[in-house]
Amino acid sequence: MGKVKLDEIDHQILDMLIDNTRTPFTDIAKKLLISAGTVHVRVKKMEEAGIIKGSSLTLDYVKLGYAFIAYVGIFLEKTHQTKFVLERLNQIPNVTVAHITTGKFNIFCKIRAKDTNHAKNIIFKIDDIDGIDRTETMISLEESINDKKRLMHTIFNEM
């Protein structure tokens, strides 16, 4: 499928929805001086084109007691074990993101934990998965950049 054409109205709709996916279409319409029906049709068009893939809720994990973030680089015994290991990682709810990577690690994942002791137990669970040779863990001291808009605006400027 080719690149989908978006106009400035589409860009503005996406910009507002990225800020808050629960923004009512009527509020977006008022700000853009268009009808709510137009917003609905455009969002539907972007959903059908696969540009918008659902909407998400952002939780404050710190307030829920899960302030500890670590990144775990995983070295596999054999690369053909990747799918099996990913299936096992998916069974550990504290593994929130996993990527197959090139370079030093075969798989790179993000974990959330309550504290260092909790993280240690999660990492031990990861280490116990068959097919994992060893892991290397990096602790996140602070999430300094989490910007959902910069890339989107760069893409819009290239269109």
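This text gives an overview of the structure that appears in the document.

Criteria and cut-off values
Residues numbered from 1 in each chain as written. Predicted model: local features only at pLDDT ≥ 70, side-chain atom pairs only at ≥ 80, totals over all residues. Heavy atoms only, no water. Helix = DSSP H or I, 4+ residues; strand = E, 2+ residues; numbered from the N terminus. Contact = heavy atoms within 4.5 Å. Buried < 20%, exposed > 50% of the residue type's maximum accessible area, 1.4 Å probe, protein only. Pairing = 2+ DSSP bridges. Axes fitted to C-alpha atoms, helices over the stretch in contact; angles between N-to-C directions. Arc of directions from axis to C-beta.

Observations regarding the side chain of D10
Summarising the element assignment, D10 is placed in helix α1 (residues 8-19). Excluding anything up to four places from it in sequence, D10 contacts K5, R42, K45 and M46.

Here we look at the pairing of strand β3 (residues 107-113)
Of all seven residues in β3, six are buried; the element is thus mostly enclosed. In terms of strand pairing, strand β1 (residues 68-76) meets β3 through seven bridges, oriented antiparallel. When the sheet's bridge partners are listed, A70 is paired in β3 with I111. What sits between the antiparallel neighbours strand β2 (residues 95-100) and β3 is a turn of six residues, in which G103 has the positive phi angle 90 degrees.

Quick look at the sheet that holds β2
With respect to topology, four strands assemble into an open sheet ordered β2-β3-β1-β4, the strand pairing being antiparallel. Only two strands of the sheet have a single partner each, and these edge strands are β2 and β4 (132-139). Going from strand to strand, the sheet's axes swing by 20 degrees on average, the running direction of each strand aside. As defined by bridge partners, β1 adjoins β4 across seven bridges and the pair is classed as antiparallel. Bridged to G73 within β4 is E136.

A word on helix α2 (residues 25-32)
Taken together, the buried positions of α2 are I28, A29 and L32. One side of α2 holds all its buried residues, which, seen down the axis, span an arc of 100 degrees. Residues K30 and K31 are exposed on α2 and point more than 90 degrees away from its buried face. Next to the buried residues of α2 lie α1 and α3 (36-48). Within two residues after α2, L33 carries a phi angle of roughly 60 degrees, on the positive side.

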